[in-house]
Amino acid sequence: MIFETHAHYDDEAFDEDRYTLLESMTDHGIGTIVNATASRRTVEKSLELAHKYPFVYTTIGVHPSDSAEMDEEELSWLEEMCGDEKAVAVGEIGLDYHYDEPSKEIQKKWFEAQIELARKVKLPIIVHSRDAAKDTMDIMKNLHAEEIGGDIHCFSYSVEVAREYLNMGFYIGVGGVITFKNGRKLREVVEYAPIEQIVIETDSPYLSPEPFRGKRNSSLNLPYVVDKIAEIKGLTPEEVIAVTENNARKLYNL
Ligand code: NI
């Protein structure tokens, strides 16, 4: 069954129908969902969902855009939450230089601290990196993130950058962008990357694939991503679903 490696069902976009939507997933072929967190508030909500549904797991971490308020107390709290039986990764952590705030220094500090947290609690990292290719790679190389492993979620860089992460053993997270008209860069990455290192994700409620671009996304749209990967790789959709599920289980140790 389809393994959704990254969604945000704690988001207010799902306030109206969160539970009915999640309860419909199995009937639509979505077997497992990892809910990704971005802040203390979302970690709390995500743990609630993971405890309610056997097929939902959660990451634990603070997103770079939410790192301004972070402090040592919060880092210890995150460590404690990583001990939860439904916690499967530290994330999403990383760097986002798309906006000027928080400053690069703050973002780097908490990215590094959370990589070290992952090492300590022995969980993989889910990396968010936007407009920050070089700094992200430098930090991950300096801290030997290849010893920890994980996934570069919503991969948005070139084949050259992908090659380095693939050589470090990381998985590449592929979502709706692959169906976009301007998604050529990602399609090239998917063509290049071994299927054994690709995992699928929606980043719901964001990044709906075509033909729903701009609308609220959910894991129910993953077949559009699967079909596109199948087309590029010359595989059947069933093969893509089976291999990426296997990859995701390895990624999250499930
Ligand atoms: Ni996300």
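Here the structure is a predicted model, which is why all the values come from computation and not from measurement.

### Observations regarding the coordination of the nickel ion
Argument step 1. On the protein side, the nickel ion has His6 (NE2), His8 (NE2), Glu92 (OE) and Asp203 (OD) as donor atoms, found 2.2 to 2.3 Å from it.
Argument step 2. If you look at the nickel ion, its 4 donor atoms make angles of 85 to 171 degrees with each other, and the shape they trace is irregular.
Argument step 3. All donor residues of the nickel ion come from one chain, and their arrangement in sequence is H-x1-H-x83-E-x110-D. Highlighted residues: histidine 8 in the loop between β1 (2-7) and α1 (18-23) and glutamate 92 in strand β4 (residues 87-96), separated in sequence by 84 residues. As far as burial versus exposure is concerned, histidine 8 and glutamate 92 are alike and both buried.

### A closer look at the nonpolar core
Burial of nonpolar side chains together is a common tendency in soluble globular proteins.
Argument step 1. Within the largest apolar cluster, 71 residues are counted, with the highest numbers of intra-cluster contacts made by Ile125, Met140 and Ile229.
Argument step 2. With 6 residues, helix α4 (residues 104-121) is the single largest residue contributor to this core.
Argument step 3. Not counting the four nearest positions on each side in its chain, isoleucine 125 is found in contact with Val90, Ile93, Ile115, Ala118, Met140, Ala145, Ile148, Gly149, Gly150, Asp151 and Phe170.
Argument step 4. Residues Phe3, Tyr57, Ala248 and Tyr252 belong to the second largest nonpolar core, which totals 11 residues.

### Brief notes about the pairing of strand β2 (residues 30-35)
A regular strand carries its side chains on alternate faces of the sheet.
Argument step 1. Summarising burial for β2: 6 of the 6 residues are buried, a large majority.
Argument step 2. Inspection of the sheet shows β1 paired to β2 by 4 bridges, in the parallel sense. In the sheet register, isoleucine 2 faces β2, and the bridge partner there is isoleucine 30.
Argument step 3. Between the parallel elements β1 and β2, the chain passes through α1 in a crossover that is right-handed.
Argument step 4. Strand direction decides the pairing type here: β2 and strand β3 (residues 56-60), joined by 3 bridges, are parallel. Residue valine 34 lies in a different strand from β3, and its bridge partner there is tyrosine 57.

### Observations regarding the side chain of threonine 179
Argument step 1. Counting through the fold element by element, threonine 179 comes out in the loop between β7 (171-174) and α7 (184-192).
Argument step 2. A distance of 2.7 Å separates a polar atom in the side chain of threonine 179 from the backbone oxygen of glycine 176.
Argument step 3. Every residue in contact with threonine 179, bar those within four places of it in the chain, is listed here: Arg187, Pro209, Glu210, Tyr224 and Lys228.

### With respect to the pattern of salt bridges
Argument step 1. Under the criterion given, the structure shown has 14 salt bridges.
Argument step 2. The partner of arginine 40 in a salt bridge is glutamate 44, with the nearest N and O atoms 4.0 Å apart. Of this pair, arginine 40 and glutamate 44 both sit in helix α2 (residues 40-52), separated by 4 residues, roughly a single helical turn.
Argument step 3. Under the relative-accessibility criterion, glutamate 44 is labelled partly exposed at 42%.
Argument step 4. Among the ionic pairs, glutamate 147 bridges to arginine 119, the shortest N-O distance being 2.8 Å.

### Description of unusual backbone geometry
Argument step 1. Put simply, glycine 91 and glutamate 92 share a cis peptide bond, and its omega is -5 degrees.
Argument step 2. Cis geometry is adopted by the peptide bond preceding proline 205, which originates at serine 204 and carries an omega value of 10 degrees.
Argument step 3. Unusually for a residue other than glycine, lysine 122 sits at a positive phi of about 60 degrees.
Argument step 4. By relative accessible area, lysine 122 is classed as exposed at 70%.
Argument step 5. One non-glycine residue, asparagine 253, adopts positive backbone phi at about 55 degrees.

### Some thoughts on α7
Argument step 1. What α7 keeps buried is the set Leu186, Arg187, Val189 and Val190. Across the axial projection of α7, the buried residues extend over an arc of 155 degrees, all falling on one side. Counted as exposed and oriented over 90 degrees from the buried face of α7: Arg184 and Glu191.
Argument step 2. Taken together, the buried residues of α7 touch α6 (159-167), β7, β8 (198-200) and α8 (222-233).

### A few points about the sheet that holds β2
Argument step 1. With respect to topology, 8 strands assemble into an open sheet ordered β1-β2-β3-β4-β5-β6-β7-β8, the strand pairing being parallel. On the outer flanks of this sheet lie β1 and β8, each paired with one strand and no other. Sheet twist, expressed as the average angle between the axes of neighbouring strands with direction ignored, equals 30 degrees.
Argument step 2. Looking at chain direction, β3 and β4 are connected through 3 bridges and run parallel.

Criteria and thresholds
Residues numbered from 1 in each chain as written. Predicted model: local features only at pLDDT ≥ 70, side-chain atom pairs only at ≥ 80, totals over all residues. Heavy atoms only, no water. Donors = N, O, S within 2.8 Å, 3.2 Å for Na, K, Ca; no water. Tetrahedral: all angles 85-135°; square planar, octahedral: opposite > 155°, others 65-115°. Helix = DSSP H or I, 4+ residues; strand = E, 2+ residues; numbered from the N terminus. Buried < 20%, exposed > 50% of the residue type's maximum accessible area, 1.4 Å probe, protein only. Core = buried A, V, L, I, M, F, W, Y, C linked by side-chain atoms within 4.5 Å. Contact = heavy atoms within 4.5 Å. Pairing = 2+ DSSP bridges. Right-handed = clockwise from strand over helix to strand, strands pointing away. Polar contact = N/O pair within 3.5 Å; in protein donor to acceptor, adjacent residues only side chain to side chain. Salt bridge = Lys/Arg side-chain N within 4 Å of Asp/Glu carboxyl O. Arc of directions from axis to C-beta. Axes fitted to C-alpha atoms, helices over the stretch in contact; angles between N-to-C directions.

Treat this as a map of the structure, not an account of what it does.
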